[in-house]
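# Chains, contacts and geometry: an overview
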Amino acid sequence: MAPTFIVMLGPPGAGKGTQAKQLAQRMNLVHVSTGDLFRDNLKNETELGVLAQQYMNKGELVPDDVTVRMVEERLSRPDCEEGAVLDGFPRTPAQAEALDDLLAEMGSAVKVVPYIKVPDDVLVERLSGRWMSPSGRVYHEKYNPPKVKWIDDIDGSQLYQREDDKPETVRHRIEVYNEQTSPLIAYYRDKGLLVEIDGTQSIELVTEDLTKAVEEA
Ligand code: AP5
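Residues numbered from 1 in each chain as written. Predicted model: local features only at pLDDT ≥ 70, side-chain atom pairs only at ≥ 80, totals over all residues. Heavy atoms only, no water.

## Section: the side chain of Arg74
Looking at the secondary structure, you find Arg74 in helix α4 (residues 64-75). In this structure Arg74 touches Val30, Val32, Leu37, Asp79 and Cys80, once residues within four positions along its chain are discounted. (Helix = DSSP H or I, 4+ residues; strand = E, 2+ residues; numbered from the N terminus. Contact = heavy atoms within 4.5 Å.)

Shown next as structure tokens:
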């Protein structure tokens, strides 16, 4: 059977990461987040991490050629043979076309694109209240709090806030999304792959709608 690739689309803070992790687990697929890959590189002080940091801290996109090369390498690993849930990629029309080419070479194609819709004012509140564990688990001080304040439920590590979650950087990330990523809504709608999901619902209800959308696809 051809591998299954799902593209999670939505603005910063829509809940892509929260949902993609669970979906990948349920479907036994790998979760590939370009944001996480850049942050891992940064933690390991690689050349790619140092380059990406200049863009990420300003809320800008990392150049397409660098991002596509990183994804190409990630998808070529054996754990992606069955497919993956892509989170944060593609983010520009050029990246979407590169992904189509890449998957065609693997004898596959994008299966479905859940688009998590959330208005801008909600996004700012979501991101300013977000807390992360060093291993990438995502919390929110109001909507998804850890059992003990600022401590990860699973491994007890100290939670932190992302550098690019400052309100002024968040607002710029939303502008960048509207300018550079939102054209992908039409791109995937034209291909009949887009499924809109109301991201203002609770995490559980978004999960339910997402599961339904993926099952139907
Ligand atoms: P990345 O890490 O991908 O950030 P993003 O797309 O901006 O998305 P976020 O991780 O901020 O939000 P999310 O939608 O995953 O929401 P989450 O689930 O955490 O990218 C960071 C940077 O890396 C980019 O700015 C860019 O520089 C670079 N980059 C990455 N990919 C790139 C690419 N392809 N090309 C070029 N550059 C790239 O949820 C947010 C909060 O809300 C959490 O606190 C969560 O608990 C809470 N929450 C989630 N769902 C709900 C709900 N239903 N109700 C209430 N609260 C909720």
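Structure's up, so let's keep going.
## Focus: the site of the ligand
What surrounds the ligand is a group of 37 residues, the closest being Thr18, Glu60, Arg91, Arg130 and Arg173. Within the contact set of the ligand, a nitrogen atom lies 3.4 Å away from a backbone nitrogen or oxygen of Ile203. For the ligand, the accessible surface in isolation is 1100 Å², of which the surrounding protein chains cover 97%. Mapped onto the shell around the ligand, the elements with two or more residues apiece are α1 (16-27), α2 (34-43), α6 (120-128), β6 (138-140) and α9 (203-216). Broken down by element, the shell around the ligand gets its largest block of residues, four residues, from α2. Among the residues making up the shell around the ligand, the classes are represented as 14 nonpolar, 14 polar and nine charged. (Near = heavy atom within 4 Å. Polar contact = N/O pair within 3.5 Å; in protein donor to acceptor, adjacent residues only side chain to side chain. Areas by Shrake-Rupley, 256 points an atom, 1.4 Å probe, with all protein chains shown as cover. Nonpolar A, V, L, I, M, F, W, Y, C, P; charged D, E, K, R; others polar.)

## Examining the side chain of Arg173
Tracing the backbone through its elements, the reader meets Arg173 in helix α7 (residues 167-181). The class of Arg173 is buried, set by a relative accessible area of 11%. Setting aside residues no more than four positions away along its own chain, Arg173 makes contact with Pro12, Gly59, Leu127, Arg130, Arg162, Asp164 and Asp165. (Buried < 20%, exposed > 50% of the residue type's maximum accessible area, 1.4 Å probe, protein only.)

## Quick notes on the pattern of salt bridges
Using the criterion set out here, one finds 14 salt bridges in the structure. Between Asp79 and Arg74 there is a salt bridge whose closest N-O contact spans 2.7 Å. The partly exposed category is assigned to Asp79, whose relative accessible area is 41%. One salt-bridge network, held together by shared partners, links Arg130, Arg162, Asp164, Asp165 and Arg173. (Salt bridge = Lys/Arg side-chain N within 4 Å of Asp/Glu carboxyl O.)

## Regarding α6
Buried residues of α6: Leu123, Val124, Arg126 and Leu127, and no others. Within α6, the buried residues cover an arc of 165 degrees as seen down the axis, which keeps them to one side. Buried residues along α6 sit in contact with β5 (130-132), β6 and α7. (Arc of directions from axis to C-beta.)

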